[in-house]
Amino acid sequence: MQPPSMDRPGLGAGLVARAFDLPDFAPEVMAKARRCLLDYLSCAFEAADRPWSRQAAALARRQPQGAGIVGRSGAYGAGDAAFANAVAGHGLVREDMHPASIAHLGVVVWPALLALAETAPRPVSGRDLLLAAIVGYETGAQLGKAVMTPELARLFRPTGLVGPYAAALASARLLGLTQAQALSAFALAGNCSGGLNEWPRHGGSEMYFHPGFAVRNAIACIELAAAGATASPTILEGPAGFFAAYGRGASPVPDSGLALFGEGGPQILSVFHKAAPACNFAQSPCQAALAVAGRLQGGSRRIAAIRIATTAAALAYPGCDARGPFDNQLQAKMSIFFGVAATLARQALDESGFDRLDDPEITRLIAATTLVADPGFTAAFPARQGARVTVVLDDGQELSASLDDVQPADDALIRQRLRAAATRALGEPAAIAIEAAVDGLEHEPDSGSIGRLCAATHDTQENPAHA
């Protein structure tokens, strides 16, 4: 790419202009945004009592008016509430996934927008909330597609790199900042990109906080830009900008630039919802293992050997090729070895399977497993994430199952999970009201109602937040 010229706008300005001049989206795009919100809320409610969720909520300071924390009572500053909600949304490792950017965009987009919708000086319509979310997903997806490689993803968390940009531009659109202010907020957010991938080696909980850092910083960038702060318009393509820093000097975009909503349609349509509470790269292998388990007579004790084939990207991502020993659940959720072994041992694929860290049968199966990259699956990635699991039984018989792509959670499962988790936290009437409000969001004059519905009216569970 040529050095930025003073007589042409930078890439960031082009993204901002497109974010403020959107095409007419088909109904399926708006429906997908609503489904992404339902899925995000289901994760946040279900993970609200996890240690990292409680720790994040404990940082939030109550104030007379503000934004809510999912499943908890009280009002908080927008940045505090968004931080806590981002951590909770990421707390199950079941958040939505955009494969081409290797990023979890929902856990940065929704917490920022919901908090700002509640605290905005004027009501923000539900339609505007959905449009802002679509912008956020598109921004994170396009930047991630441009810069992320398997090598880069081994070092830096993709969500941490693109999340601040996604949350900042979505928020600027939501609040109606000027394009100049939005560009400054976007550029400031580029200085907040981060998140190292050392955590899988130890199961460190910093992974859960990555989206929280992104959204808290993005909201600060929005507030600074609104107050008059300015930042580098060439934050993406400049000699010391985002692409030079993380692309190591090579241009990841064509001279024609980087576009939102170009060929291929809105990127939110490429987002999938996880069926299993585990790493993206473990999804297809575990689903193939579940298919094998359904044909396994006599239980896993009959298994003498297991062969797993998947993409090279899966093998390269930190933690996915870990064999153990496993000290905590997060390590197990990242490991393809553990996920497949637990699925075969239990003949089920669910949250409880990742708690059995010392199960001797799972340990035996892991020891009998080989994991390889398949050229066909690798070539099809990231458009498809295929996997094959073959088990060899004690009599020499082989059972195999292959998937060309991950099987996402469907609308029915997403709604079932939300109803169950929200009912546990707030009661069935509130759960029904939340689902109905999301379904009718395009016609809602005040989208801050979503956040208010999701907060408890009193302390229904231990709330460690400061009084």
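Scroll up to find the structure.
Everything numeric here is computed off the predicted structure, so don't read it as measured data.

> Explain the overall build of the protein chain residue by residue, including any values.
Looking only at helices and strands, the protein chain features 20 helices and five strands. Against the 2.2 N^0.38 benchmark of 23 Å for 467 residues, the protein chain shows a C-alpha radius of gyration of 22 Å, consistent with a compact globule. Counting only C-alpha atoms and orienting by the principal axes, one finds that the protein chain spans roughly 70 × 55 × 40 Å. When the 467 residues of the protein chain are sorted by exposure, 59% land in the buried category. In the protein chain, the share of contacts with a sequence separation of at least 24, taken over all contacts with a separation of at least 6, comes to 78%. A total accessible area of about 17500 Å² is found for the protein chain, and carbon and sulfur atoms account for 53% of it. Positive and negative side-chain charges in the protein chain, numbering 37 and 44 respectively, have mean positions lying 2 Å apart.

> Lay out unusual backbone geometry in plain terms, naming residues and giving numbers.
In this structure, P325 follows G324 across a cis peptide bond, with omega equal to 5°. Considering the arrangement of structural elements, one finds P325 in the loop between helix 13 (312-316) and helix 14 (329-334). Following F381, the chain continues into P382 via a peptide bond in cis, with omega recorded as 10°. For I102, which is not glycine, the phi dihedral falls at a positive 55°. Examined against the element boundaries, I102 turns out to sit in the loop between helix 4 (78-89) and helix 5 (106-119). Judged by relative accessible area, which is 11%, I102 ranks as buried. In this model, F261 sits at a positive phi of 60°, which is unusual for a non-glycine residue.

> Can you explain the pattern of salt bridges? Please cite residues and give values.
Under the criterion given, the structure shown has 23 salt bridges. A salt bridge links R301 to E361, with the nearest nitrogen and oxygen atoms 3.1 Å apart. Of this pair, R301 sits in the loop between helix 12 (280-293) and strand 2 (303-310) while E361 sits in helix 16 (residues 360-367), and the two are 60 residues apart along the sequence. With its nearest N and O atoms 2.7 Å apart, the salt bridge here joins E435 to R415. With E435 in helix 19 (residues 428-439) and R415 in helix 18 (residues 411-426), the pair connects residues that are 20 residues apart, well separated along the chain. Each of R35, D411, R415, R419, E435 and D439 takes part in one network of salt bridges that share partners.

> Can you break down the packing of helix 3 (residues 51-58) against helix 4 residue by residue, with the values?
Running from N to C, helix 3 and helix 4 cross one another at 175°; their axes reach a closest spacing of 8 Å. On the basis of their axis angle, the class for helix 3 and helix 4 is roughly antiparallel. Between helix 3 and helix 4, the residues in contact are W52, S53, A56 and A57 and F83, A84, V87 and A88, respectively. Considering only residue class, the contact of helix 3 with helix 4 consists of seven nonpolar, one polar and no charged.

> For the nonpolar core, give the residues involved together with the corresponding values.
Ranked by size, the top nonpolar core spans 162 residues in total, and within it L41, L236, F243 and L344 carry the most contacts. No other element matches the twelve residues that helix 6 (residues 126-147) contributes to this core.

> Can you explain the sheet that holds strand 4 (residues 387-393)? Please cite residues and give values.
With mixed pairing, the four strands of this open sheet are ordered in space as 3-2-4-5. Unpaired on one side and paired on the other, strand 3 (369-373) and strand 5 (398-403) mark the two borders of the sheet. For this sheet, the mean angle separating the axes of adjacent strands, direction not counted, is 10°. By the bridge criterion, five bridges tie strand 2 to strand 3 in an arrangement that is parallel. The residue bridging I308 from the neighbouring strand is L371, located in strand 3.

> An account of the packing of aromatic side chains is requested, with residue identities and associated values reported.
Across all of its chains, the model carries 14 aromatic pairs by this definition. Measuring from ring centre to ring centre gives 5.9 Å for F83 and F213, while their planes differ by 40°; the resulting arrangement is tilted. Highlighted residues: F83 in helix 4 and F213 in helix 10 (residues 206-226), separated in sequence by 130 residues. Judged by its relative accessible area of 3%, F83 falls in the buried class. Its relative accessible area of 44% is what places F213 among the partly exposed residues. Relative to F338, the ring of F326 lies with its centre 5.2 Å away and its plane at 75°, an arrangement referred to as edge-to-face. Of this pair, F326 sits in the loop between helix 13 and helix 14 while F338 is found in helix 15 (residues 336-346), placing the two residues twelve residues apart along the sequence. Classification of F326 by relative accessible area gives buried; the value is 10%. Ring pairs connect the aromatic residues F156, Y165, F186, F242, F243 and Y246, which therefore count as one cluster. Residue placement shows R216 over the ring face of F83; its charged tip is 4.4 Å from the ring centre.

Criteria and thresholds
- Residues numbered from 1 in each chain as written.
- Predicted model: local features only at pLDDT ≥ 70, side-chain atom pairs only at ≥ 80, totals over all residues.
- Heavy atoms only, no water.
- Helix = DSSP H or I, 4+ residues; strand = E, 2+ residues; numbered from the N terminus.
- Rg over C-alpha atoms; globule rule 2.2 N^0.38 Å.
- Buried < 20%, exposed > 50% of the residue type's maximum accessible area, 1.4 Å probe, protein only.
- Contact = heavy atoms within 4.5 Å.
- Areas by Shrake-Rupley, 256 points an atom, 1.4 Å probe, with all protein chains shown as cover.
- Lys, Arg positive; Asp, Glu negative; His and termini not counted.
- Charge placed at Lys NZ, Arg CZ, Asp CG, Glu CD.
- Salt bridge = Lys/Arg side-chain N within 4 Å of Asp/Glu carboxyl O.
- Axes fitted to C-alpha atoms, helices over the stretch in contact; angles between N-to-C directions.
- Parallel < 35°, antiparallel > 145°, perpendicular 65-115°, else oblique.
- Nonpolar A, V, L, I, M, F, W, Y, C, P; charged D, E, K, R; others polar.
- Core = buried A, V, L, I, M, F, W, Y, C linked by side-chain atoms within 4.5 Å.
- Pairing = 2+ DSSP bridges.
- Phe/Tyr/Trp six-rings, centres within 6.5 Å; stacked < 30°, edge-to-face > 60°.
- Lys NZ or Arg CZ within 6 Å of the ring centre and 35° of its normal.

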